[in-house]
Amino acid sequence: MSYKNFPMVSRVVFGRGSFNQLEEILSPKRLNTKAPFIYFVDDVFKGNAWLTSRIPLSYDDKLIYVSAAEEPKTSQIDDLVEDIILNYKELPSGIIGIGGGTVLDIAKAVSIMLTNDGESKNYQGWDIVKNPAIFHVGIPTISGTGAEVSRTTILTGPERKLGINSDYTPFDQVILDPELTKDVPRDQWFYTGMDCFVHCVESLNGTFLNAFSKTYGEKAFTLCKEIFLEDNLNTEEAQDKLMMASWHGGMSIAYSQVGVAHALSYGLGYLLGVKHGIGNCIVFDHLDEYYPEGVALFKKMKEKHDISLPQDICKDLSDKEFDIMINVALSLEPLWENAIGKQWKKTITKEKLKALYQKM
Ligand code: NAD
Ligand code: ZN
């Protein structure tokens, strides 16, 4: 038995207002005046001086607004990397992502692809990346995905939706400033928050569970219950705790895996472009067979926050389209093995998955 030796985020700052320290954190990392810092910022912050005035730009530094309307694509990453290579004589000093999981994943993927040849689709999978990435910094502005702490960057490619999972993917520096999440719309707060809750349920009920995953998962699970089911927290406490729940949820799946909800949600995302957070909610609502207690709690949270999820999104799909989703879901073998066990192929059939998708 050989245990995996995981890299982690090397440095992390936590605190309300810690975003103000960005300049002092970055300046020692500048390689020279021709090697810029490139900031990818969620375009929801365009014109938002409260946030953008604190982004220190000097020399050839550049701020690039990116939309989170769609999840990152391999072609988008390849284009962003090409632009940087064409526009600068030297590789950047650092890549900084400011936003939700979408922007954080873009920052991670670009930092990897700047130092690795070819197209990003060739690196989707596990441990294919050969060279260390450019110094990269993650600054989440919405909490739940765990992308700030994880060893993956999830991309939709021509053939599949799959992460670049590698030792070079985790951020070198993360700034956790819960204040940055203050304007997240309510529905989105719930969807992305539930990503964290689902990570915990899938990790804690998985066959890969060990004490490492369990301790992180239990902490995040407890925090989610406090945030989404109880009424004892003020707004700031809830923001602080959800940011830490996201972190712990991400740590919990480092040593285990996600499960049924994520496998099916990836299928929805690939075919229909349904985004990760809401997709997980749509799927998880129908998974009482696999996660009875987690789904019961989820339904309570949904009710408490008056969330109504889209229904019948698979109603008009053709058999061919169902097959596409089912194949994406089935290809995620480690997720099924974690959820069901080594013998998962006995119960997880195409017919079974079709029946589940038909309920959604
Ligand atoms: P997101 O980044 O897609 O953002 C969701 C919405 O919230 C967007 O409209 C965005 O503009 C808005 N938003 C973000 N911060 C805001 C703020 N402070 N104020 C107002 N609006 C704000 O959402 P997400 O759920 O964080 O990320 C989903 C993505 O994360 C997916 O692409 C998914 O694949 C990826 N993901 C990655 C990992 C990982 O480990 N790498 C894990 C889970 C999910
Ligand atoms: Zn997730």
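Note that this is a predicted model, so its numbers are computed, not measured.

Engineer: An account of the overall build of the chain is requested, with residue identities and associated values reported.
Structural biologist: Along its length, the chain carries 13 helices and nine strands. Relative to the compact-globule value of 21 Å for 360 residues, the chain shows a C-alpha radius of gyration of 20 Å, a close match. Referenced to the eigenvectors of the C-alpha coordinate spread, the extents of the chain come out at roughly 60 × 50 × 45 Å. Nonlocal contacts in the chain, meaning residues at least 24 apart in sequence, comprise 78% of its contacts between residues at least 6 apart. Computed over 37 positive and 48 negative side-chain charges, the inter-centroid distance for the chain is 3 Å.

Engineer: Break down the site of ligand 1 for me, with residues and values.
Structural biologist: Around ligand 1 sit 27 residues, and of these Gly 101, Thr 102, Ser 150, Thr 192 and Lys 275 come closest. Lys 275 places a polar side-chain atom, nitrogen or oxygen, 2.7 Å from an oxygen atom of ligand 1. Put simply, the parts of the chain that give the shell around ligand 1 at least two residues each are helix 4 (101–113) and helix 5 (186–204). Here the element with the most residues in the shell around ligand 1 is helix 4; it accounts for four residues. For the shell around ligand 1, a count of residues per class yields 10 nonpolar, 10 polar and seven charged.

Engineer: Describe the coordination of the zinc ion (ligand 2), and please don't skip the residues or the numbers.
Structural biologist: Protein coordination at the zinc ion (ligand 2) comes from Asp 195 (OD), His 199 (NE2), His 262 (NE2) and His 276 (NE2), with a distance range of 2.1 to 2.2 Å. Of note is the zinc ion (ligand 2), whose four donor atoms meet at the metal with angles of 88 to 170° in an arrangement that counts as irregular. The sequence motif formed by the donor residues of the zinc ion (ligand 2) is D-x3-H-x62-H-x13-H. With Asp 195 in helix 5 and His 276 in helix 9 (residues 276–284), this residue pair connects regions lying 81 residues apart in the sequence.

Engineer: How would you summarise helix 8 (residues 260–272) if you had to cite specific residues and measurements?
Structural biologist: Residues spaced three or four apart along an α-helix point in a common direction, a consequence of the helix completing one turn every 3.6 residues. Taking 1.5 Å of rise per residue, the 13 residues of helix 8 would be expected to cover 18 Å, and the 18 Å separating its terminal C-alpha atoms lies within 8% of that figure. The element helix 8 is largely enclosed, with a buried count of 10 among its 13 residues. Within the sequence span of helix 8, burial applies to Val 260, Ala 261, His 262, Ala 263, Leu 264, Ser 265, Tyr 266, Gly 267, Leu 268 and Gly 269.

Engineer: With reference to specific residues and values, describe the sheet that holds strand 3 (residues 62–66).
Structural biologist: Pairing is parallel across the open sheet formed by six strands, whose spatial order is 1-9-6-4-2-3. Each having just a single partner strand, strand 1 (11–14) and strand 3 make up the two edges of the open sheet. For this sheet the average axis-to-axis angle between neighbouring strands, irrespective of direction, equals 15°. The strands touched by helix 4 are strand 2 (37–42), strand 3, strand 4 (94–99) and strand 6 (136–140); relative to strand 4, the strand with the most contacts, the crossing angle is about 170°. Set on the sheet, helix 7 (residues 235–254) makes contact with strand 1, strand 6 and strand 9 (173–176); between it and strand 9 the angle comes to about 150°.

Engineer: Describe the nonpolar core, and please don't skip the residues or the numbers.
Structural biologist: The biggest cluster of nonpolar side chains holds 58 residues, and the ones touching the most others in it are Phe 197, Leu 264, Phe 284, Leu 287 and Tyr 357. The dominant element in this core, judged by the number of residues it contributes, is helix 5, at eight residues. Those residues within four positions of Tyr 357 in sequence are excluded, and the remaining contacts are Ala 263, Leu 264, Gly 267, Leu 268, Cys 314, Phe 322, Met 325, Ile 326 and Ala 329. Within the second largest apolar cluster, 33 residues are counted, among which are Leu 80, Tyr 88, Leu 155 and Trp 247.

Engineer: If you had to explain the packing of helix 6 (residues 211–229) against helix 10 (residues 292–304) to someone new, which residues and values would you point to?
Structural biologist: For the pair helix 6 and helix 10, interaxial distance at closest approach is 10 Å and the crossing angle is 30°. The angle between helix 6 and helix 10 places the two elements in the roughly parallel class. Contacts between helix 6 and helix 10 involve Phe 221, Cys 224, Lys 225, Phe 228 and Leu 229 from the former and Leu 297, Lys 300, Met 301 and Lys 304 from the latter. Split by residue class, the contact of helix 6 with helix 10 holds six nonpolar, no polar and three charged.

Engineer: I'd like a description of the side chain of Asn 48, backed by residues and values.
Structural biologist: Positionally, Asn 48 belongs in the loop between strand 2 and helix 2 (49–52). Given the relative accessible area of 19%, Asn 48 is considered buried. There is a polar contact of 3.1 Å between the side chain of Asn 48 and the backbone nitrogen of Trp 50.

Engineer: Describe the pattern of salt bridges, and please don't skip the residues or the numbers.
Structural biologist: This model, assessed by the stated rule, comprises 19 salt bridges. When the shortest N-O distance is used, the salt bridge between Lys 352 and Glu 289 registers 3.0 Å. Linking Lys 352 in helix 13 (residues 350–359) with Glu 289 in the loop between helix 9 and helix 10, this pair joins segments that are 63 residues apart in sequence. On the accessibility criterion, Lys 352 (24% relative accessible area) is partly exposed. One network of salt bridges, in which partners are shared, links Lys 4, Asp 127, Arg 151 and Asp 167.

Engineer: Lay out unusual backbone geometry in plain terms, naming residues and giving numbers.
Structural biologist: Positive phi, close to 60°, is recorded for Asp 127, a residue that is not glycine. Along the chain, Asp 127 turns up in the loop between strand 5 (125–126) and strand 6. When its relative accessible area of 42% is taken as the criterion, Asp 127 is described as partly exposed. Non-glycine residue Asp 312 carries a positive phi angle of around 55°. Looking at the secondary structure, you find Asp 312 in the loop between helix 10 and helix 11 (319–330).

Parameters at a glance
- Numbering of residues starts from 1 in every chain and runs along the sequence as written.
- Here every chain gets a letter starting at A, and every ligand a number starting at 1, in the order they are written.
- Reporting in this predicted model follows two pLDDT cut-offs: at least 70 for local features of residues, and 80 or more for side-chain atom pairs to be given and counted; totals over whole chains, interfaces and linings ignore these cut-offs and use all residues.
- Hydrogens and water molecules were not included; the side-chain quantities draw on all heavy atoms of the structure.
- Every helix listed is a DSSP run of H or I at least four residues long, and every strand listed is a run of E at least two residues long, numbered separately from the N terminus.
- Values of the radius of gyration come from C-alpha atoms, whereas the globule rule sets the reference at 2.2 Å times the count of residues to the power 0.38.
- Between two residues, a contact is recorded if the distance between any of their heavy atoms is within 4.5 Å.
- Think of it this way: Lys and Arg go in the positive column, Asp and Glu in the negative one, and His and the chain ends go nowhere.
- The atoms used to mark charge sites are NZ of Lys, CZ of Arg, CG of Asp and CD of Glu.
- We call a residue near a molecule or strand when any one of its heavy atoms sits within 4 Å of it.
- Polar contact is defined as a pair of N or O atoms within 3.5 Å, subject to the rule that within protein one atom must be able to donate a hydrogen and the other to accept it, and that residues adjacent in sequence are counted only when both atoms are side-chain atoms.
- Each residue is assigned to one of three groups, with Ala, Val, Leu, Ile, Met, Phe, Trp, Tyr, Cys and Pro labelled nonpolar, Asp, Glu, Lys and Arg labelled charged, and all others, Gly among them, labelled polar.
- Sites may look incomplete because water is not among the atoms; the donors themselves are N, O and S atoms within 2.8 Å of the metal, or within 3.2 Å for Na, K and Ca.
- Square planar and octahedral sites, with four and six donors, are those where opposite donors lie more than 155 degrees apart and all other angles lie between 65 and 115, tetrahedral sites have four donors with every angle between 85 and 135 degrees, and the rest are irregular.
- Multiply 1.5 Å by the residue count of a helix minus one, and that product is the helix's expected span.
- The classification of residues rests on relative accessible area computed with a 1.4 Å probe and restricted to protein chains. Under 20% of the type maximum is buried, over 50% is exposed, and intermediate values are partly exposed.
- Strand pairing requires that DSSP identify at least two bridges connecting the strands.
- The convention used is that axes are lines fitted to C-alpha atoms, helices contributing only their stretch in contact, and that angles between N-to-C directions extend from 0 to 180 degrees.
- Side-chain atoms within 4.5 Å are what join buried Ala, Val, Leu, Ile, Met, Phe, Trp, Tyr and Cys residues into a set we call a nonpolar core.
- Working rule for angles: under 35 degrees goes down as roughly parallel, over 145 as roughly antiparallel, 65 to 115 as roughly perpendicular, anything else as oblique.
- One side-chain nitrogen of Lys or Arg within 4 Å of one carboxyl oxygen of Asp or Glu is enough to make a salt bridge.

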